[in-house]
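One-letter residues, chain by chain:
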Amino acid sequence: MGERKSWSAKRAEIMSRPGAGAAYEAARIRFELGEAVRLRREQLGLTQSELAERTGLKQPAVARFESGGTMPTIPMLERLAEALEMRLSVQFQPLREAS
């Protein structure tokens, strides 16, 4: 039976694989966008169904988005921003500042 690896060793092994860093970054972006939408929706006192109605989506699509399960298009983000009474702002940041 093989020796057990620590979580940090296993993570380093996985992240060293080709494309792992890009996949991790994409997942991080989806999660952060979903979390921002959920927090704003809750701030406004809206249910997922109400947000779905405002955006022309179905409630399961809102749930998937909030959980980080989908990568939205810019038009989708614009619809969400309008429904959440926000203005969409997209930025490019130098990598050393983006963390």
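Quantities reported herein were computed from a predicted structural model and do not represent experimental measurements.

*Asks:* Help me understand helix α5 (residues 74-83), please; the structure alone is not making it clear to me.
*Replies:* Since the α-helix advances by 3.6 residues per turn, residues separated by three or four positions end up pointing in the same direction. Regarding α5, the residues found buried are L77, L80, A81 and A83. In an axial view of α5, the angular spread of the buried residues amounts to 165°, which keeps them on one side of the axis. Facing away from the buried side of α5 by more than 90 degrees, the exposed set consists of P75 and E82. The inward-facing, buried residues of α5 contact α2 (20-43), α3 (48-55) and α4 (59-66). Two residues or fewer past α5, E85 is found with a positive phi of approximately 60°.

*Asks:* Before we go on, may I ask you to explain the environment of L46 in this structure?
*Replies:* By the secondary structure assignment, L46 is in the loop between α2 and α3. For the pair formed by L46 and A36, sequence separation is 10 residues and the distance between their alpha carbons is 14 Å. When near neighbours in sequence (up to four residues on either side) are disregarded, L46 contacts R41, R54 and A83.

*Asks:* Please clarify how the pattern of salt bridges should be interpreted in this entry.
*Replies:* Side chains that differ in charge, positive against negative, can pair when their charged atoms come close. Taken as a whole, this structure holds 7 salt bridges when the rule is applied. K5 is paired through a salt bridge with E13; the nearest N and O atoms lie 2.2 Å apart. The exposure class assigned to K5 is exposed, which follows from its relative accessible area of 52%. A relative accessible area of 26% places E13 in the partly exposed class.

*Asks:* Got a minute to help me understand unusual backbone geometry in this structure?
*Replies:* Trans peptide bonds make up the majority, and among non-glycine residues the majority have a negative phi. Backbone geometry places E85, a non-glycine residue, at a positive phi of 60°. Position of E85 among the secondary structure elements: in the loop between α5 and α6 (95-98). Residue classification places E85 among the exposed positions, given a relative accessible area of 52%.

*Asks:* Explain the confidence of the model for the protein to me, please; I cannot follow it from the model alone.
*Replies:* Segments scoring low in pLDDT should not have their predicted coordinates read at a detailed level. Looking at the protein, the pLDDT average stands at 90 and 95% of residues meet or exceed 70. Within the protein, α6 has the poorest average pLDDT of any element, 69, and α3 the best, 98.

What counts and what doesn't
Residues numbered from 1 in each chain as written. Predicted model: local features only at pLDDT ≥ 70, side-chain atom pairs only at ≥ 80, totals over all residues. Heavy atoms only, no water. Buried < 20%, exposed > 50% of the residue type's maximum accessible area, 1.4 Å probe, protein only. Helix = DSSP H or I, 4+ residues; strand = E, 2+ residues; numbered from the N terminus. Arc of directions from axis to C-beta. Contact = heavy atoms within 4.5 Å. Salt bridge = Lys/Arg side-chain N within 4 Å of Asp/Glu carboxyl O. pLDDT = per-residue confidence, 0-100.

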